[in-house]
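# A closer look at the structure
Okay, here's what each chain looks like letter by letter:
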Amino acid sequence: MRIGVAGPALEEEVSLQSSEAEADAIDVLGEEVTSDVEANRYPNNLRTASVDEAVATIAIVDGDDQSIPKEFIPILTLCVLVTFLSALDRVAMSIAILPMASEFGLTETVKGQISSAVSYGYGAAILPVGLAVSVVSPRLLMVLGVLLWSLATLGTPWMAEFTNPGVGETGMVLLLPLLSIRAVMGAAEAVVLPTMQRVLANWVPPEKKATALAIVISGFQLGTVGAYLVSPQILDFMSGLDGGPVDVPGWRGMFYAYGLAGLLWIVPWWLIAKDAPTAMQYDDEDCEETLVNNGVADDASLVLNECEIEFEAEADSTGAARIRQAQSVIQSAPWKNFLNSPGVWGMTLAHAAKNWELYNLLAWTPTFFSEQYGLNVKESAAFSVLPSICGMIGGLTAGTIADYVLSNFVDECDIDDEGKDCESEKRTQVRKIFQSVALLGPATCLYLLSSLPEQAATAQLLLGGAVGLQAFDAAGFGAATQEKAGEKWAGLLYSLTSLPGVMVGSISVSATGQILDAMAGDEGAGWTAVFQLNAAVCVMGALAFLALYDSKEEFE
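These numbers come from a predicted model, not from an experiment.

Moving on, we get to the confidence of the model for the protein. Confidence in the prediction of the protein, expressed as mean pLDDT, is 77, and 72% of residues score 70 or more. Here residues 1–64 is modelled with pLDDT under 50, and outside its nearest four sequence neighbours on either side it reaches 223 contacts, counting other chains as well. pLDDT under 50 marks residues 280–285. Its contacts with residues more than four places away, or in other chains, come to 18 contacts.

Bringing the packing of helix H11 (residues 342–373) against helix H17 (residues 525–548) into the picture now. Relative orientation of the contacting elements H11 and H17 amounts to 160°, with a least axis distance of 8 Å. Between H11 and H17, the interaxial angle falls into the category roughly antiparallel. Both H11 and H17 take part in a crossing whose hand is left-handed. When grouped by side-chain class, the residues that make up the contact of H11 with H17 number 17 nonpolar, seven polar and two charged.

As for its placement among the helices and strands, Ala 333 is situated in the loop between helix H9 (319–331) and helix H10 (335–340). For Ala 333, a relative accessible area of 8% corresponds to the buried category. The sequence separation of Ala 333 and Trp 489 amounts to 156 residues, and the corresponding C-alpha distance is 7.5 Å. If we ignore the near neighbours within four places in the chain, the residues touching Ala 333 are Trp 489 and Leu 492.

Time to look at helix H15 (residues 456–470). Here H15 is 15 residues long and its end C-alpha atoms lie 21 Å apart, about the 21 Å a rise of 1.5 Å per residue gives. Along H15, the residues that are buried comprise Ala 456, Ala 459, Gln 460, Leu 462, Leu 463, Gly 464, Ala 466, Val 467, Gly 468 and Gln 470.

What follows deals with the side chain of Asn 534. Here Asn 534 lies in helix H17. For Asn 534, a relative accessible area of 3% gives the class buried. Beyond its immediate chain neighbours, meaning those up to four positions away, Asn 534 contacts Trp 356, Glu 357, Asn 360 and Leu 446.

This part is about helix H4 (residues 138–160). Under the 1.5 Å per step criterion, the end-to-end length of H4 is 32 Å for 23 residues, consistent within 8% with the ideal 33 Å. The axis of H4 is deflected most strongly, by about 35°, at Leu 154, and proline Pro 157 appears within four residues downstream.

Let's shift gears to the environment of Phe 531. Positionally, Phe 531 belongs in helix H17. Along the chain, Phe 531 and Ser 450 lie 81 residues apart, while their C-alpha atoms are 5.2 Å from each other. With residues up to four places along the chain from it excluded, the contact list for Phe 531 reads Phe 368, Leu 446, Leu 449 and Ser 450.

Let us now look at a nonpolar patch on the surface. Together, Leu 140, Leu 144, Val 267, Trp 270, Leu 271 and Ile 272 make up a nonpolar patch on the protein surface, roughly 570 Å² of accessible area in all. Looking at the nonpolar patch, the elements that each hand over two or more residues are H4 and helix H8 (251–272). Of all the elements, H8 adds the most residues to the nonpolar patch, at four residues.

Moving on to the nonpolar core. Core analysis: the biggest nonpolar cluster contains 125 residues, and Phe 72, Met 100, Ile 114, Trp 251, Trp 265, Trp 269 and Phe 368 have the highest contact counts within it. A total of 19 residues in this core trace back to one element, the largest contributor, which is helix H2 (residues 73–104). Setting aside residues no more than four positions away along its own chain, Phe 368 makes contact with Tyr 373, Leu 449, Leu 452, Ala 459, Leu 463, Trp 527 and Phe 531. Among the nonpolar cores identified, the runner-up in size contains nine residues, and Ala 402, Val 405, Val 430 and Ala 438 belong to it.

The rules behind the values
Residues numbered from 1 in each chain as written. Predicted model: local features only at pLDDT ≥ 70, side-chain atom pairs only at ≥ 80, totals over all residues. Heavy atoms only, no water. pLDDT = per-residue confidence, 0-100. Contact = heavy atoms within 4.5 Å. Axes fitted to C-alpha atoms, helices over the stretch in contact; angles between N-to-C directions. Helix = DSSP H or I, 4+ residues; strand = E, 2+ residues; numbered from the N terminus. Parallel < 35°, antiparallel > 145°, perpendicular 65-115°, else oblique. Left-handed = near helix turned anticlockwise from the far one by under 90°. Nonpolar A, V, L, I, M, F, W, Y, C, P; charged D, E, K, R; others polar. Buried < 20%, exposed > 50% of the residue type's maximum accessible area, 1.4 Å probe, protein only. Expected span 1.5 Å × (residues − 1). Bend = angle between axes of the 7 residues up to and from the residue. Patch = residues over 30% accessible without salt bridge, like charges linked within 9 Å, V, L, I, M, F, W, Y side chains within 5 Å. Areas by Shrake-Rupley, 256 points an atom, 1.4 Å probe, with all protein chains shown as cover. Salt bridge = Lys/Arg side-chain N within 4 Å of Asp/Glu carboxyl O. Core = buried A, V, L, I, M, F, W, Y, C linked by side-chain atoms within 4.5 Å.

Structure (structure tokens):
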């Protein structure tokens, strides 16, 4: 058994295919991922599908032996829909927090704590959930996850009623119910990517996996934009109808609507979805059992990927045996070498810096437009859409340029020992250039934004520039794991470098609220400090990557 990355498992590969597959897909902030030219470096069970295959869903359902069964298309559709709902529910709080703050008199610190609770829950659950997929039916696990996060979404307004606008221990105790239910929601949403990974592994032939994953990921993109565009309309419609004050936007009704949508989704999933086809389908002689992850954004899960689907229970294919297999591989991992590798530290610090910026923008952008420019909820949400579009464009641009550079310069190296050194050096240069753009570019935009432009449109363009340039990390640390670890340890290494980033991003959201409260007496000074701090973190992350990273494979 070996540890690898599902599909090609490079962040670069997914977004370009996704954008081709779904023309209207808009990337979740920071989740834009692009194509890679190195598909032929990996065996069939790790190889990316071509961009042409991603033009439409129907393109992956052809007549050959390696096509996706037609009975999987309704299941694939439901997979896209559940990722849409996942993004919708997560982003909704950044909009709902505006009327909630007005109604309950929430401080900026409390707003930050509420906004970050989902990420803390997600980070705590992602690894256990990934391993649970190996022993629990993915169909059932998805039902349990969606049921739990839908109930948590429905319960958010009720828990919010306990919120105390005061300070001190009493206020914190009364805030715990809301923080807890939001953390539960985040933990429940951790089922999505690992479960999708197992379902795709069971249904989709190896060379079609990247395309199918790209189609699924498009739901996250659409859900983010949907949250910004649809949520304000629901707030207006539900005002006075959801049990809240008549003069307050209907944020309670918005959570009720989104929670109900999740419960309704469960019905067709339970009736239609299957863990695997009714017959064996893919015969890949080169396939080996492996621990994998999607390599998508902050997916830190590890899932045991079996080459063949067993339809009759056997002693050596029980859940307990799979757990023992996973434990055996993890125990044999080169942990000490990971910790001592400067390149791994460079990747981890760059990822953490990216998440500090990314999570801040995702959680606080509507609040920034509302407080700094006096925009209402609907206007603030609309101004938050552009960064998502810029992120998609940036991801596509990064992938196209990276493909060109790698194919025209790296391939010039001779195939010998010196050629390997040449290839490693050139790949190192490419990764450092793209990661510099991905962190120093946003740092520049955020530093300019710290001067607080007079026009909201100017601020919107600077935020769009920050997110669009940040997308270039898909060709930076996002593509570095496979080069650094090769096929054997790439999945584990990606998880190791992702999970700290999730935690750092969550901390940054809380820290922003504390900064804004600490500098509340000086108009605008809080946002200036926040953006300057974000810029400084991006610079430090870029310097760490430039100083520490190289593309030489260390872990075989």
